[in-house]
Every structure is written in C-alpha cells, then in structure tokens.
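Here is how the chains run, residue by residue.
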Amino acid sequence: MPTLRDYIKAGRAEIKADRVIRNGKLVNVASEEIYPADIAIYGERIMALGDVTPYLGKDTEVIDAAGAYLCPGMIDGHLHVECSKMSITSFAKAVVPLGTTAIVSGLDQILVAAGNEGAREFLDEAAKSPLKVFWGAPCKTPYTLPVSNVGHYFGPDDHRATHHWPECVGIWETVREFIQEMDEKVLSALEIAQASRLPVLGCSPMARGTKLNSYLQSGVRADHESYTADEFLEKLRNGMHVVIRESSISHFLTENLRIVTEMGIKATRRISFCTDDVVASDILVRGHLDNMVRMAIGIGISPMAAIQMATINAAEALRIDHKVGLIAPGRSADILFVDDLRDFRVKRVMTNGKMVAENGRILGRLDPPPRSDRLMRTFKVDPVKPEELLVHGKGEGAKAKVMAMAVTPEKIFVRKRRDVTLAAKDGIILADPAQDVQYVTVVERYGRTRNRPVAFISGFGLRSGALATSTAPDDNNIVCVGTNPEDMAVAINHIIAGNGGQVVVDKGKVTSFLPLPIGGIVSDLEPQDMAQRETELDAAARALGCALPWPFMYMFVLQITAIPDYAITDLGAIDCIDLKVVDPVYAPF
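One numbering rule holds for all chains: residues counted from 1, following each sequence as written. Confidence filtering applies because this is a predicted model: local features only for residues at pLDDT of at least 70, side-chain atom pairs given and counted only at 80 or more, and all residues used for totals across whole chains, interfaces and linings. Water and hydrogen atoms were dropped before computing side-chain values, which therefore reflect all heavy atoms in the structure.

Another aspect to go through is the nonpolar core. Within the largest apolar cluster, 151 residues are counted, with the highest numbers of intra-cluster contacts made by Phe 91, Phe 273, Phe 344, Phe 460 and Leu 558. Per-element accounting of this core gives the leading share, seven residues, to helix H3 (residues 108–127). Marked domain ranges trace back to an automatic or database domain assignment. Two domains each put at least three residues into this core: domain 2 (71–359) and domain 3 (386–587). Discounting residues that sit within four places of it in the chain, Phe 344 has contacts with Cys 71, Met 74, Asp 290, Val 293, Arg 294, Ile 307, Leu 336 and Val 338. Listed in part, the 30 residues of the second largest apolar core include Val 384, Ala 400, Val 503 and Val 585. Definition used in this section: a nonpolar core is a set of buried Ala, Val, Leu, Ile, Met, Phe, Trp, Tyr and Cys residues joined via side-chain atoms within 4.5 Å. Accessibility here uses a 1.4 Å probe with only protein chains present; expressed as a share of the type maximum, an area under 20% marks a residue as buried, one over 50% as exposed, and anything in between as partly exposed. Put simply, DSSP H or I for four residues or longer makes a helix, DSSP E for two residues or longer makes a strand, and each gets a number counted from the N terminus. The contact rule is simple, with two residues in contact once any of their heavy atoms fall within 4.5 Å.

Next up on the list: the pairing of strand E27 (residues 501–506). The element E27 is extensively covered by neighbouring structure, given that six of its six residues are classed as buried. Residues Gly 501, Val 503 and Val 505 line one face of E27 and the alternating positions Gln 502, Val 504 and Asp 506 line the opposite face, and both faces are buried. When strand E25 (residues 466–469) meets E27, the two strands line up antiparallel, connected through four bridges. Paired with Ala 468 across the strands is Val 503, a residue of E27. Whether two strands pair comes down to DSSP finding at least two bridges between them.

Right, let's talk about the domain arrangement of the protein for a bit. Per the domain assignment, the segments making up the protein are domain 1 (4–67), domain 2 (71–359) and domain 3 (386–587). The straight-line distance from the C-alpha centre of domain 1 to that of domain 3 is 54 Å.

Moving on to the pattern of salt bridges. Close approach of charged atoms allows side chains with opposite charge to pair. The salt bridge definition used is simple: a Lys or Arg side-chain nitrogen within 4 Å of an Asp or Glu carboxyl oxygen. A full pass over the atoms with the stated rule returns 37 salt bridges. One salt bridge connects Arg 374 with Glu 117, and the closest N-O pair in it is separated by 3.6 Å. In this pair, Arg 374 is assigned in helix H15 (residues 373–376) and Glu 117 in helix H3, connecting sequence segments 257 residues apart. Put simply, Arg 286 and Asp 282 hold a salt bridge, and the shortest N to O gap is 2.9 Å. Here the residue Arg 286 and the residue Asp 282 both occupy positions in helix H11 (residues 280–286), the gap between them amounting to four residues, near one helical turn. Judged by its relative accessible area of 24%, Arg 286 falls in the partly exposed class. Look at Asp 282 and you get buried, because its relative accessible area is 6%. Look at the salt bridges and you will find they share partners, linking Asp 382, Glu 388, Arg 450 and Arg 452 into a network.

Take helix H16 (residues 485–497) next. Take the number of residues in a helix, subtract one, and multiply by 1.5 Å to get its expected span. Between its first and last C-alpha, H16 extends 18 Å over 13 residues, near the 18 Å set by a 1.5 Å rise per residue. Within H16, the full set of buried residues consists of Pro 485, Asp 487, Met 488, Ala 489, Ala 491, Ile 492, Ile 495 and Ile 496. The secondary structure elements touched by the buried residues of H16 are strand E23 (437–443), E25, strand E26 (478–482) and E27. Polar contacts here mean pairs of N or O atoms no more than 3.5 Å apart (in protein, one a potential hydrogen donor and the other a potential acceptor; neighbouring residues in sequence count only if both atoms are side-chain atoms). Capping the start of H16, Asn 484 holds a side-chain oxygen 3.3 Å from the backbone nitrogen of Glu 486, two or three residues further along. Immediately downstream of H16, the backbone of Asn 499 shows phi near 55 degrees, a positive value.

Another point: the sheet that holds strand E6 (residues 61–64). Taken in spatial order, the four strands make up an open sheet running E5-E4-E1-E6, and their pairing is mixed. Whereas interior strands pair on both sides, the edge strands pair on one side only; in this sheet they are strand E5 (45–50) and E6. If you compare each strand with its neighbour and ignore which way they point, the axes differ by 20 degrees on average. In the sheet, strand E1 (residues 19–22) pairs with E6 via four bridges, with the strands oriented parallel. Among the inter-strand pairings, Ile 21 is bridged to a residue of E6, identified as Ile 63. Running at roughly 10 degrees to E5, helix H1 (residues 4–11) makes contact with strand E4 (38–42) and E5 of the sheet. For helices, the fitted line uses only the C-alpha atoms of the stretch in contact; every axis is such a line through C-alpha atoms, and the angle between N-to-C directions lies from 0 to 180 degrees.

With that settled, the discussion passes to the environment of Asp 158. Position of Asp 158 among the secondary structure elements: in helix H4 (residues 156–162). According to the relative accessible area criterion, Asp 158 is buried, its value standing at 12%. C-alpha of Asp 158 to C-alpha of Thr 210: the two residues are 52 residues apart in sequence and 31 Å apart in space. Those residues in contact with Asp 158 that lie beyond four places of it in its chain are Asn 116, His 152 and Tyr 153. Only 3.4 Å separates the side chain of Asp 158 from the side chain of His 152, close enough to count as a polar contact.

UniProt positions are given in the numbering used here, feature names are shortened, and annotations may be inferred rather than shown by experiment. Those places that UniProt annotates as "domain: Amidohydrolase-related" (unreviewed entry) correspond, in this numbering, to residues 69–356. Structurally, residues 69–356 comprises 38% helix and 20% strand, and the distance from its first C-alpha atom to its last is 17 Å.

Turning our attention to the packing of aromatic side chains. Ring geometry is summarised as follows: Phe, Tyr and Trp rings, the Trp one being its six-membered ring, pair when their centres sit within 6.5 Å, and such pairs are stacked at plane angles under 30 degrees, edge-to-face over 60 and tilted between the two. In this structure the tally under the stated criterion is five aromatic pairs. Here the aromatic rings of Tyr 7 and Tyr 42 are separated by 5.7 Å at their centres, their planes lie at 80 degrees, and the arrangement is edge-to-face. Within this pair, whereas Tyr 7 is found in helix H1, its partner Tyr 42 is found in strand E4, the two being separated by 35 residues in sequence. As far as burial versus exposure is concerned, Tyr 7 and Tyr 42 are alike and both buried. Measuring from centroid to centroid gives 6.2 Å for Trp 135 and Phe 154, while their planes differ by 85 degrees, and the two rings are edge-to-face. Linking Trp 135 in strand E10 (residues 132–138) with Phe 154 in the loop between E10 and H4, this pair joins segments that are 19 residues apart in sequence. Accessibility assignment for this pair places Trp 135 and Phe 154 in one class, buried. Members of the aromatic cluster, each reached through a chain of ring pairs, are Trp 135, Phe 154 and Trp 165. Consider the ring centre and the ring normal. A charge sits over the ring if Lys NZ or Arg CZ is within 6 Å of that centre and within 35 degrees of that normal. Taking NZ or CZ as reference, Arg 348 lies 4.6 Å from the ring centre of Phe 337, over its face.

Right, let's get into the pairing of strand E29 (residues 566–569). The alternating pattern of E29 places Tyr 566 and Ile 568 on one face and Ala 567 and Thr 569 on the opposite face, and all of these are buried. Sheet topology note: the E29/strand E30 (residues 572–575) ladder contains four bridges and is antiparallel. Within the sheet, the bridge partner assigned to Ile 568 lies in E30 and is Ala 573. Here E29 hands over to E30 after two residues, the two strands then running antiparallel side by side.

We now examine unusual backbone geometry. Of the consecutive residues Leu 145 and Pro 146, the connecting peptide bond is found in the cis state with omega at -10 degrees. Here Pro 146 lies in the loop between E10 and H4. Here Pro 473 and Asp 474 are connected by a cis peptide whose omega angle stands at 10 degrees. One non-glycine residue, Asp 276, lies in positive phi territory at about 65 degrees. Within the secondary structure, Asp 276 sits in the loop between strand E15 (271–274) and H11.

What follows deals with the side chain of Ser 90. Relative to the helices and strands, Ser 90 is located in helix H2 (residues 88–95). The class for Ser 90 is buried, based on a relative accessible area of 1%. From its side chain, Ser 90 meets the backbone oxygen of Asp 524 in a polar contact 3.2 Å long. Contact partners of Ser 90, with chain neighbours within four places excluded, come to Ser 523, Asp 524, Leu 525 and Pro 527.

What follows is the structure, encoded as structure tokens:
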C-alpha cells in the first residue's frame, strides 16, 4: 500500500498515475458543475482532475469513459446492514454494482449477538471488500426501554475501547427517549464522544417543539427519522442534517422532499439519503441509493441536487468528506460511470482506484472470510414447549378482554392499540383468526433468562400456522407470530436447532425455512439466492393468509420500542409512550 509520502509525491506527479480516466464528464458536486475532465489515480486515491498529462507514465492504464458522466460513489448515511440478512460480503455484491460504495452502520445487530469481537470481524471483512463500512458506535445496546435481554450490552466502557477504531465516525442511533429519560450510560457515551471529537447521530421520530429542542441540547448532528414534511422542515430549520429514509418497508422520500417540491425550500445541501433496512428481493427490483436518486429526479429535484444528496451531503453530515463523497484530489477513487443523469443507471463502478463492477455485476470473485465460533454459536436457549406459550385469563369466564397490537400496511412502525374480546377455555385465552388476532411471543435466546412472554397481535391475517424469525432488531431474540402454541413451538425450535433463521410452519410441518447461521441474523447467500428464499418465505406466509407486503419485515420490527405506540420484547408487551411493560389481558368478560 502507498504511504502518505508516496501520495504526496504522486500528487505532484513525481510518481506517475496507476490509471487515468479519459473522455468523461465530471459531475463536480462541490462546485455544482458538469464539465469534461480527466482523472488521475494512484493507489486508492484521486491525484488530479482536468488535464492530467503530467501524471501519465509508460505503465499508466488508460480507461476510456466514452463520454459517460463521472459521479462520486454513493453513501448510505444510516443502514442496519444486518437487517438485509446478508453478510457484508453478500451485501457488497448486491449494492456496489448499483453505485453504493460506502455505508454508515452501527453493526448494532451483530453487536448484541456476538459483542465487540463480532463487530470487529464484520469490519475486517468489509476492509477486504469493495464496500466501505464506516462505523457508528451505538449510543448503547439494546435500544429498548425498559431494557430487554441481549447477548452484549454496549456501554461507556465499550465506547472507551472502540472510539480509536479507524472506521469509527460517530455515536450511532442516539434514541431521543434516552435523552428524555437522561439515561446515564447514554449521557456518558456522549461525553466520551465529545472528548473523542465524534459527532452524535440521532434517532428522533416525530420529535417536534420542546421535545426536539431538548433533544438538540445533546449535540445531535443528524437525524434519519422524519415522518412528515413539516417534521423534516422543523429539524432542518433547527440546524440538523436531515436524512431521508427510503427503506424496503417505510417510504418517506416523496413526503420529506415536499419541503422542496411544494414548500419552496431551496437549501438542499443538508439533506442526504439512507435506506435504514433493506432486503435483497427489494434491492434487486428497485435498486438501492440509485433508486433514491431516480425517485428524487422523478418528483422534480435536479439531477445535481439528487446526486449531492447521495454523495457529498452525507459525507459532510458525517464529517467524512475529506475521504469520500466527491471526486477530488486526496479522496478515495470511488467513481461511477453513468450514461444518463436523469435516468440514473450505473454502468461501471470503481472503488479504491480499481474497477470492481460492470453492468450490474461484481467483477471477479468476492468470497466471504472464514467464520469464528463467536459468530456461529450464539444460541443458548432450550427448546420451547407449547404449554409455555399459553395466555392465562384473569378468571374462569368464557371470554376475556385483551389489547392487541394492531399492524397496518400503511404504517409498519406504528402499532396502535386494538381492544378485542376473545374466547377462553379452561382459563386459557384463545387466539381468533376470524377476528385477525394472533399470538405473538419473544423468546430470549442468549441464556440470560427463560423469558418468553405472549401477547396478541392483529393485522397479520394468519388463518393457521406460525411465522418466526431470529433476525429482529434491535435485540435479535426470536419473534414468533402464530395462531396456536403447537405450531409456534415448532417454528421457534426449528430456528434454535438451525442456529438462526426465518421459518413458516403449518399443521406441525415446516413449509419454508431460510437459515441465517452467522450470529443467527445473516447469511453468506448470494443476493439472488437470498431474494429467491425471501420470495418463497413470503409466499408460504401468504398461503397461511398473511396479506402484509413484507410479512417477515413487519414481524421483525416488533421489538423496536423507540417508535409508538406498542412493541413486544422478551420482557413482554411494551407501552412505548409510557415506556413500561403492560399486561395485554386487562379484564375478564
């Protein structure tokens, strides 16, 4: 690898370029210009733009751009990469050919399952791939309030131990409720971050007025959770770098950009993009950040502004624009070749100065590393018995009043209360598919407890059977939705036996299973194979009556307590407003 001294010499052409890109049109996101310019590259960095004749040597490779636009590699500003169920290597195969060359992730999902060492293995894996992973040290894990049980609790001592990691760019997912409740561990993490000169990255859905003003006192720099244009604009006006989320299951780009398309805001340089949670079957159909660029252009954003939102704006928000986000001397040579800016389709991709993808495919082999036992043995839980998944009533009556968490296709992250009367038999409250009310449980899998509370959920539409998943942010305990305890036990135990996965069970038989053995949450499957397995799982869920567009994604976010109104963790049903465990059975009939 070239040294700093080598780069300085190459910058003044004493060392000649490894390669030069000619005949391209540079999309300069810093000066907001598009003009013909050649690019000289040495090692992993850009040396010069424009007339690069002094940098040409006898061994310099010349790449003909053939008139293509040359754009910076795109940056996903907030991504739970593990929620794709793909390993770092597999995810790189999916998104790098589409032009995503860097992501910012907390690796919080592998952290709770395999600790700091597990996250370190993922970062080392990324270093050998064409995908850059910038790491945000989670403010704490888990993010749940009250605190649920996980494999590793990331806290102040972990911050002190990891802020020096070269990939560390800030404090990740600083949930507003932690600031509201003055969580001592989170406040300590922010103080450590201040000493480390790291920015604070937020998570404040629906925060307005005094709640937002109080939250901003913590020093939060960027936020990726705005549900409406008004909320988005208020955060922008209050000095935040605002990040638009367009995930597989939550779609906010069009709504958030109403501040530009309808409300007259012209200052777009503090707006950037993220996908947060995406899956292979969505990426392979819609794309990744390239899709967001096309969407933005399609609703009236200029191509330059849309490309800035996917590149330099994210880099500046995260204070990494000295490394990535623009094509300029000293920056990483992450360059996209695009024929038409209005129909933003990436033809070729260069990362770290080397051509790595063309026509939607990775060039050459990209193999995952060997996996340690720390990553492959994360289940410490006994099999579940059906009788452990029963819900007992408060009396011997034939009916009971319960609270069901209601899921709707329109608002995946907002679970509202639905009061339902259910039948009871021998003191046991029965799920009722006719009313679209199923059981839901979370089984703690790290060996800390024997917690497996059962509550009620509505909206999944299951007429029979059960669905279960061990990839389930932010705890990655096993979540199961089902119509009867017997099928639920089969589903949960199949995941335990397989060291992780997603499964569909009906009448005691497994009808579809996706193994996720790495940390119980991801796999090294090729993106196309992962997409096929996802499609098969969804089809099996729909055969049981589930009409949700993404059955497993709707299920695996049920543990998130940062978003109202209700969630479920291994502690039980959670009131996300009052931040307390609640009993879903509130009265006999």
